[in-house]
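One-letter residues, chain by chain:
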Amino acid sequence: MMAFVGVKEKLLSVAELLDLIQQFAIEPSYYFLRWTHKVSDNWKQVPTENDFPMLEGQMFNKNCELRWKYKRKDSYEVLLLSVAGEYADFSPVGKDWDIQDRNAHLYGSTETRFPKGFPEKAANIAQRYFIDKQTSTVHFVALTIKP
């Protein structure tokens, strides 16, 4: 697996973001959306134009985590954390990344650490650490799905 961290140089419109999400979506993929007053309640529901504007969101699967954040006038900045190689349309962040996959620690339903709607019995959800090879510093922790 080749680790890659990259950003889109230009802000994306909602339509461009939805197209990008579709490009990276594989089965299974999970989606987590955040607004000022709520979070998404169905992690398997692909976002649509009706879900926008939102403050931020993420889509993750076994290959990558795609994160987006609202900037201005329905424009979003995008970060990609991937183990599926480099992507020419993203500007690389850093040079050499190590990755470590670890189990995600899930809490009981009475704890509020994850929002309602988190996939029940999500034993296949894990965390992927992106570690700078030069400094051995963890820069990103992505959600992922165990193969």
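Residues numbered from 1 in each chain as written. Predicted model: local features only at pLDDT ≥ 70, side-chain atom pairs only at ≥ 80, totals over all residues. Heavy atoms only, no water.

Let's shift gears to unusual backbone geometry. Excluding glycine, most residues fall at negative phi; most peptide bonds, likewise, are trans. The step from Glu27 to Pro28 runs through a cis peptide bond, and the omega angle for that step is -10 degrees. With respect to the element layout, Pro28 can be found in the loop between helix H1 (14-24) and strand E3 (30-34). Cis rather than trans, the peptide bond between Phe52 and Pro53 has omega equal to 0 degrees. You will see that Lys73, though not glycine, has its phi angle at about 40 degrees, which is positive. Take Lys73: it is sitting in the loop between strand E5 (64-72) and strand E6 (75-82). Overall, the relative accessible area of 75% leaves Lys73 in the exposed class. Of note, Ser136 is a non-glycine position whose phi angle comes to about 60 degrees, a positive value. As for its placement among the helices and strands, Ser136 is situated in the loop between strand E9 (125-132) and strand E10 (138-145). (Helix = DSSP H or I, 4+ residues; strand = E, 2+ residues; numbered from the N terminus. Buried < 20%, exposed > 50% of the residue type's maximum accessible area, 1.4 Å probe, protein only.)

Before going further, it helps to examine the pairing of E6. Taking burial as the measure, the eight residues of E6 include seven buried ones, the bulk of the element. Both strand E1 (residues 4-7) and E6 contribute to a ladder of four bridges, which runs antiparallel. Paired with Phe4 across the bridge in E6 is Ser82. Strand direction decides the pairing type here: strand E2 (residues 12-13) and E6, joined by two bridges, are antiparallel. (Pairing = 2+ DSSP bridges.)

With respect to topology, three strands assemble into an open sheet ordered E8-E9-E10, the strand pairing being antiparallel. Sheet topology places strand E8 (97-103) and E10 at the edges, where each strand pairs with a single neighbour. Strand-to-strand, the axes of this sheet are offset by a mean angle of 25 degrees, without reference to chain direction. Sheet topology places E9 next to E10; seven bridges connect them, and they run antiparallel. (Axes fitted to C-alpha atoms, helices over the stretch in contact; angles between N-to-C directions.)

Summed over all chains, the structure comprises six salt bridges. The partner of Glu65 in a salt bridge is Arg67, and the shortest N-O contact between them spans 2.4 Å. Overall, the relative accessible area of 25% leaves Arg67 in the partly exposed class. Between Arg128 and Asp101 there is a salt bridge whose closest N-O contact spans 2.8 Å. (Salt bridge = Lys/Arg side-chain N within 4 Å of Asp/Glu carboxyl O.)

A separate point is the nonpolar core. Leu66 and Trp68 are the most contacted members of the largest nonpolar core, which has 21 residues in total. At six residues, H1 tops the list of elements feeding residues into this core. (Core = buried A, V, L, I, M, F, W, Y, C linked by side-chain atoms within 4.5 Å.)

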